[in-house]
Amino acid sequence: MLKKKIRVTVWNEFRHEKSDAAVKKIYPDGIHAVIAAHLNKQEGIIAGTAVLDQPEHGLTRETLTGTDVLTWWGHIAHSEVSDEIVNRVQERVLEGMGLIILHSGHHSKIFKRLMGTTCNLRWREANEKERLWNVEPGHPVTDGLGDYFELPHEEMYGERFDIPNPDKLVFISWFEGGEVFRSGCCYERGHGRIFYFQPGHETYPIYYDTNVMQVITNAVRWAAPRIIKKIETPNSPPIENLPSPA
Ligand code: ZN
């Protein structure tokens, strides 16, 4: 029997690529185009894209209903994402859709909503090396990765990262300047799975890195819904005969 493909929507704010020549050079068609092109080469995955400036930010009810896993990159325009769409994405995650939050998406409305904390962190842009340690080699998200991998240049994100304790922490990063960071965090909310993954500063070609894309591909497979079900808690008649009240 043919297994159904995992339907991914790669969402991007898509602003830096238009306004910043250095970013445009790395991602002429946007970060979303590079991520979606990679995912579309993977067996069992089909990826489309959506961006902030589309009507309803490209996340209509129809699109979300047809999305198994949503990936999210945003940075300078988090506040422009409408609360109505945030509500809609949250509802869909609770019903079972997977959500992968990339890099500066840590401050997106949807991630903060689902975490319930500030999601603040320490940061610095200084072209430094990052070493990502794989602390859960048996986890589906780290499948095929070694003990660690490195990115020659990344923005430093450091602790304390104000998130709830992850259900499973799969990567811890070290930065050349001395900080550490919980860079791969798995959560469940309702029926949905959420993965936060730190790499992806827009001025470095991070989404061309083989290891980074392996992690994102693995995360898509891990976060794919096992069930899509509305969260309902009805008033219920008893299953057994209850004694009459005295
Ligand atoms: Zn950044």
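Scoring rules and cut-offs
- Counting from 1, residues in each chain are numbered in the order their sequence is written.
- Predicted model: local features are reported for residues with pLDDT of at least 70 only, side-chain atom pairs are reported and counted for 80 or more only, and whole-chain, interface and lining totals are derived from all residues.
- Here the side-chain values reflect all heavy atoms present in the structure, with hydrogen atoms and water set aside.
- Across the chain, each position has a pLDDT score giving the predictor's confidence in that residue, from 0 to 100.
- What counts as a helix is a DSSP run of H or I of at least four residues, what counts as a strand is a run of E of at least two, and both are numbered from the N terminus.
- What makes two residues a contact is simply this: any of their non-hydrogen atoms within 4.5 Å.
- Planes of paired rings set the category: under 30 degrees apart is stacked, over 60 is edge-to-face and the rest tilted, where pairs are Phe, Tyr or Trp rings (Trp by its six-membered ring) whose centres lie within 6.5 Å.
- Note on exposure labels: buried denotes an accessible area under 20% of the residue type's maximum, exposed denotes more than 50%, and partly exposed covers the range between, all computed with a 1.4 Å probe on protein chains only.
- Expected span of a helix: the number of residues minus one, times 1.5 Å.

A. Just the confidence of the model for the protein, in detail. Averaged over all residues, the pLDDT of the protein equals 97, while 99% of them reach at least 70. When mean pLDDT is compared element by element in the protein, strand β9 (residues 192-197) scores highest at 99, while helix α1 (residues 16-19) scores lowest at 97.

B. Fine view of the side chain of His139. Along the chain, His139 falls in the loop between β5 (122-134) and β6 (148-158). Filtering out sequence-adjacent residues up to four positions away, His139 remains in contact with Lys168, Val170, Cys186 and Trp222.

C. Region of interest: the packing of aromatic side chains. According to the stated counting rule, one finds eleven aromatic pairs in the structure shown. Look at Phe171 and Phe197: their rings are 5.9 Å apart centre to centre, the planes differ by 40°, and that puts the pair in the tilted class. Here the residue Phe171 occupies a position in strand β7 (residues 168-175), and Phe197 occupies one in strand β9, the gap between them amounting to 26 residues. For the pair shown, Phe171 and Phe197 are each scored as buried.

D. Layout of helix α5 (residues 83-95). In this model α5 runs 18 Å from its N-terminal to its C-terminal C-alpha over 13 residues, within 8% of the 18 Å that 1.5 Å per residue would give. All of the buried residues in α5 are Ile85, Val86, Arg88, Val89, Arg92, Val93 and Glu95. In the core, the buried residues of α5 are packed alongside α4 (61-65), β3 (69-73), β4 (98-102), α6 (109-115), β8 (180-189) and β9. Immediately beyond the C-terminal end of α5, within one or two residues, lies Gly96, with a positive phi of roughly 135°.

E. View of the environment of Leu114. Secondary-structure assignment places Leu114 in helix α6. Taking the C-alpha atoms as reference, Leu114 lies 7.3 Å from Arg189; in sequence the two are 75 residues apart. Residue contacts for Leu114: discarding those within four places in its chain leaves Gln90, Val93, Leu99, Arg189 and Ile194.

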